[in-house]
Amino acid sequence: MSDDSHEHQSFETRAIHAGNTADPQTGAVVPPIYQVSTYKQDGVGGLRGGYEYSRSGNPTRTALEENLAALEGGRRGLAFASGLAAEDCLLRTLLAPGDHVVIPNDAYGGTFRLFAKVVSRWGVEWSVADTSDADSVRAAITPKTKLIWVETPSNPLLGITDIAVVADIARTAGAKLVVDNTFASPYLQQPLALGADVVVHSLTKYMGGHSDVVGGALVAADEALGEELAYHQNAMGAVAGPFDSWVVLRGIKTLAVRMDRHAENAAKIVEVLQRHPKVTKVLYPGLPEHPGHEIAAKQMRNFGGMVSFQVAGGEEEAVAICGRTKIFTLAESLGGVESLIEHPGRMTHASVAGSALEVPADLIRLSVGIENADDLIADLTQALG
Ligand SMILES: *Cc1c(COP(=O)(O)O)cnc(C)c1O
């Protein structure tokens, strides 16, 4: 549950203080890691602070969950063992056999796999839409549509969806709108304020921010849905452990300064890539020619740290460039302080090959870190050759 006392504080202050109350026993200014499975009861049912077993609740996880709710402006935050565990819990809470969902044509590969290979086996139907186009979303809706999934900016093509527009469409259709806010983070974008019902996070990325933990989250706009999700979180059991919760909580404290630097570095790199003869296209919502630029400018604080680009020479050259960088580490994932480079077609998005979500073979994705921008530019320039 969000701590109401933080409601009027600015984002940077909430990031550091929401959920992070000093330990009542010792005054420790950072929530301790409650590495514990069970709690002594003062007589049968005499729980201290409501804690009985750490799958149901753990004080370190509670601190993170309160922080997440406060940052997204939701009523309830829930932390999971991974982003996909959070998504799985959400889908099995909201959907039943016979229901229909609309998913974007440019989504995280694992999200698509969850729909196509797992959820579909339980009798849930799905259609793919271009969520950046309102007509495409409307056309995909059926009388059985219960949920519309949006990822903006999207992974890896950096497509932008107007959250408020799709929220209206969802409301009219009687469907819930879910926004995967992993790429933007709540510092850059507040989907619940724009009408979304639930926000999904891979905490593994910008929230943790240091490539040292895997985690996921759901934040519900209203109390009733939050309660339902919390029930299923406990019933399904894929919760975030106390240490992982603590690591994410620590990462979130610097989220605002990190995101500002990620975006600043990304903008400088985009400028250089645009002028490079080997680069055929740069995908970045900060570019005025990006089709979603105006919407991104309206619904995001800045344009973030993810940059994708296409190169002359096709797949072979794209793969070779990924192998030549020295500061950019060739690795999957994103959102850490260190810069990463990858080839989506062969790496993060191999699972969508042959589907409507297939990505171009000459595409390279950068997760721009917070190192010195000139060092990053020099590294990319030598790798491009
Ligand atoms: C990584 C990622 C996920 C999945 O999260 P995990 O923590 O890896 O399970 C979901 N959505 C997006 C946009 C991601 O980048």
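Residues numbered from 1 in each chain as written. Predicted model: local features only at pLDDT ≥ 70, side-chain atom pairs only at ≥ 80, totals over all residues. Heavy atoms only, no water.

- As named in an unreviewed UniProt entry, the protein is Cystathionine gamma-synthase, taken from Streptomyces katrae.
- Quoted straight from UniProt, the Cofactor (unreviewed entry) entry for the protein says "pyridoxal 5'-phosphate".
- Word for word, the UniProt comment on the protein under Catalytic activity (unreviewed entry) is "O-succinyl-L-homoserine + L-cysteine = L,L-cystathionine + succinate + H(+)". (UniProt positions renumbered as here; feature names shortened; annotations may be inferred.)

1. Observations concerning the site of the ligand
Argument step 1. For the ligand, the set of nearby residues contains 14 residues, the closest of which are L84, D180, S202, T204 and K205.
Argument step 2. One nitrogen or oxygen atom from the main chain of L84 is found 2.9 Å from an oxygen atom belonging to the ligand.
Argument step 3. Take T204: an N or O atom from its side chain is 2.7 Å from an oxygen atom of the ligand.
Argument step 4. Contact with the protein chains hides 93% of the accessible area of the ligand, taken as 380 Å² for the molecule alone.
Argument step 5. In terms of residue count, the dominant contributor to the shell around the ligand is helix 3 (residues 83–94) (3 residues).
Argument step 6. Of the residues contributing to the shell around the ligand, the split by class is 3 nonpolar, 7 polar and 4 charged. (Near = heavy atom within 4 Å. Polar contact = N/O pair within 3.5 Å; in protein donor to acceptor, adjacent residues only side chain to side chain. Areas by Shrake-Rupley, 256 points an atom, 1.4 Å probe, with all protein chains shown as cover. Helix = DSSP H or I, 4+ residues; strand = E, 2+ residues; numbered from the N terminus. Nonpolar A, V, L, I, M, F, W, Y, C, P; charged D, E, K, R; others polar.)

2. Overview of helix 10 (residues 255–275)
Argument step 1. Between its first and last C-alpha atoms helix 10 spans 31 Å; for 21 residues at 1.5 Å apiece the expected length is 30 Å, and the two agree.
Argument step 2. Listed as buried for helix 10 are L255, A256, R258, M259, H262, A263, N265, A266, I269, V270 and L273. (Expected span 1.5 Å × (residues − 1). Buried < 20%, exposed > 50% of the residue type's maximum accessible area, 1.4 Å probe, protein only.)

3. Notes on the sheet that holds strand 10 (residues 329–330)
Argument step 1. Strand order in this open sheet of 5 strands is 8-9-12-11-10, and the pairing throughout is mixed. Both edges of this open sheet fall to strand 8 (279–283) and strand 10, since each of them pairs with a single strand only.
Argument step 2. Pairing of strand 11 (residues 340–342) with strand 12 (residues 363–367) involves 3 bridges; the strand directions are antiparallel. Following the sheet pairing, L340 is matched in strand 12 by S367. (Pairing = 2+ DSSP bridges.)

4. Brief notes about the environment of L218
Argument step 1. Looking at the secondary structure, you find L218 in strand 7 (residues 216–220).
Argument step 2. Under the relative-accessibility criterion, L218 is labelled buried at 0%.
Argument step 3. Each C-alpha atom, one on L218 and one on V179, is 9.9 Å from the other, the two residues being 39 residues apart in sequence.
Argument step 4. L218 has contacts with R76, G77, L78, F80, A86, L90, V198, V199, V200 and L229, leaving out every residue within four places of it along the chain. (Contact = heavy atoms within 4.5 Å.)

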